[in-house]
Every structure is written in C-alpha cells, then in structure tokens.
Amino acid sequence: MKQLTKAEEDIMQILWRLKKANVKAMIEQFSEPKPAYNTVSTIVRILENKGFVDYEKEGKGHIYFPLVAKQDYSNQSINKLVDNYFQGSFKSMVSFFVKKNDMNIEDLESVLKEINKKNP
C-alpha cells in the first residue's frame, strides 16, 4: 500500500468520517482558509489513481468513497513507522514514548490491558 502525502491523508480522513462525499462536501469539512475546489478535486483524482478512493456518478458530479479502510491504512503506517525509526521493535517505540513524551502510569496500564486482551 502506498504512503499518502499530508494533503491526501487530510482528504482520506474526511472520507473515512463521512463515508461518501462530493468535493463540495469535503471542502466544507476543512477549517478556514478552505482549499480551492480544483485543489481538492485534483487530490481526489490522485487518490483514485492510487486505489484509495472510487466514485459513483450522481447527476453531473461524482460521489467519492474510500476503498481502503482507515484501520488498514493505520496499521500499515504504524508498521512503517516502527520499521523506519525503531528497527522493527514495538518495545523500542513504546520505550521512546515513555521516555520522551512523559507517558503516565495510567496510559501504560491501558496499553498493557490492550496487550493482555490480545494475548491472553
């Protein structure tokens, strides 16, 4: 799966949230200053070419929807982060966040509960 640019990911976040939307509805989701219609339309076409979105015709326009689930993209992105910055070690990543981001004991306990759920 290809990595998305920041602008592409912003559009995907909107589509994941809305499920289906035309370009105008996507633009409405942005805070000010809102991007130009042509900019969003171009990014959506790039996402279509990358296989992330598809569309159905509605009148003269298109309604876009995601082909890639947010969870699938998130998993791929996290794995790439771990591979590129933590030599493939989730332990190193968690250790980094504990040391550098002042992760509190409640956060750590929450992570441990999730791990225990997955590996009883």
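Scroll up for the structure.
Since the model is a prediction, treat every value here as computed from it, not as a measurement. (Residues numbered from 1 in each chain as written. Predicted model: local features only at pLDDT ≥ 70, side-chain atom pairs only at ≥ 80, totals over all residues. Heavy atoms only, no water.)

## Thoughts on the overall build of the protein chain
Within the protein chain one finds 6 helices and 2 strands. Taken from N to C terminus, the helices and strands of the protein chain fall in the order α-α-α-β-β-α-α-α. Against the globule reference of 14 Å for 120 residues, the protein chain gives a C-alpha radius of gyration of 18 Å, more extended than a compact globule. On the principal axes, the C-alpha backbone points of the protein chain span a range of 55 × 30 × 25 Å. For the protein chain, buried positions account for 22% of its 120 residues. Once local pairs closer than 6 in sequence are excluded, the contacts in the protein chain between residues at least 24 apart make up 46%. For the protein chain, the accessible area works out to roughly 8,600 Å², and carbon and sulfur atoms hold 53% of it. Positive and negative side-chain charges of the protein chain, numbering 19 and 16 respectively, have mean locations separated by a distance of 3 Å. (Helix = DSSP H or I, 4+ residues; strand = E, 2+ residues; numbered from the N terminus. Rg over C-alpha atoms; globule rule 2.2 N^0.38 Å. Buried < 20%, exposed > 50% of the residue type's maximum accessible area, 1.4 Å probe, protein only. Contact = heavy atoms within 4.5 Å. Areas by Shrake-Rupley, 256 points an atom, 1.4 Å probe, with all protein chains shown as cover. Lys, Arg positive; Asp, Glu negative; His and termini not counted. Charge placed at Lys NZ, Arg CZ, Asp CG, Glu CD.)

## Side note on the pairing of strand S1 (residues 53-58)
Of the pairings in the sheet, the one linking S1 to strand S2 (residues 61-66) comprises 6 bridges and is antiparallel in character. Opposite Glu56, over in S2, you have Ile63 as the bridge partner. (Pairing = 2+ DSSP bridges.)

## Description of the nonpolar core
Among the nonpolar cores identified, the biggest contains 20 residues, and Ile11, Met26, Val40, Leu47, Phe52 and Val53 are the most heavily contacted of them. Breaking this core down by element, the ones donating at least two residues are helix H1 (6-18), helix H2 (23-28) and helix H3 (37-49). With 5 residues, H1 is the largest single contributor of residues to this core. Phe52 has contacts with Met1, Lys2, Leu4, Met12, Leu47, Phe65, Pro66, Leu67, Val68 and Tyr73, leaving out every residue within four places of it along the chain. (Core = buried A, V, L, I, M, F, W, Y, C linked by side-chain atoms within 4.5 Å.)

## Some details on the packing of aromatic side chains
Counted by the stated rule, this structure contains 4 aromatic pairs. Ring geometry for Phe86 versus Phe96: centroids 5.5 Å apart, planes at 55°, classification tilted. Of this pair, Phe86 sits in the loop between helix H4 (70-85) and helix H5 (90-100) while Phe96 sits in helix H5, and the two are 10 residues apart along the sequence. In this structure Phe96 comes out as partly exposed when scored by relative accessible area, which is 36%. (Phe/Tyr/Trp six-rings, centres within 6.5 Å; stacked < 30°, edge-to-face > 60°.)

## Points about the packing of H1 against H3
Interhelical geometry of H1 versus H3 gives an angle of 90° and a closest axis separation of 10 Å. Relative to H3, the element H1 lies roughly perpendicular. On H3, the residues touching Ala7, Glu8, Ile11 and Met12 of H1 are Val40, Ile43, Val44, Ile46 and Leu47. (Axes fitted to C-alpha atoms, helices over the stretch in contact; angles between N-to-C directions. Parallel < 35°, antiparallel > 145°, perpendicular 65-115°, else oblique.)

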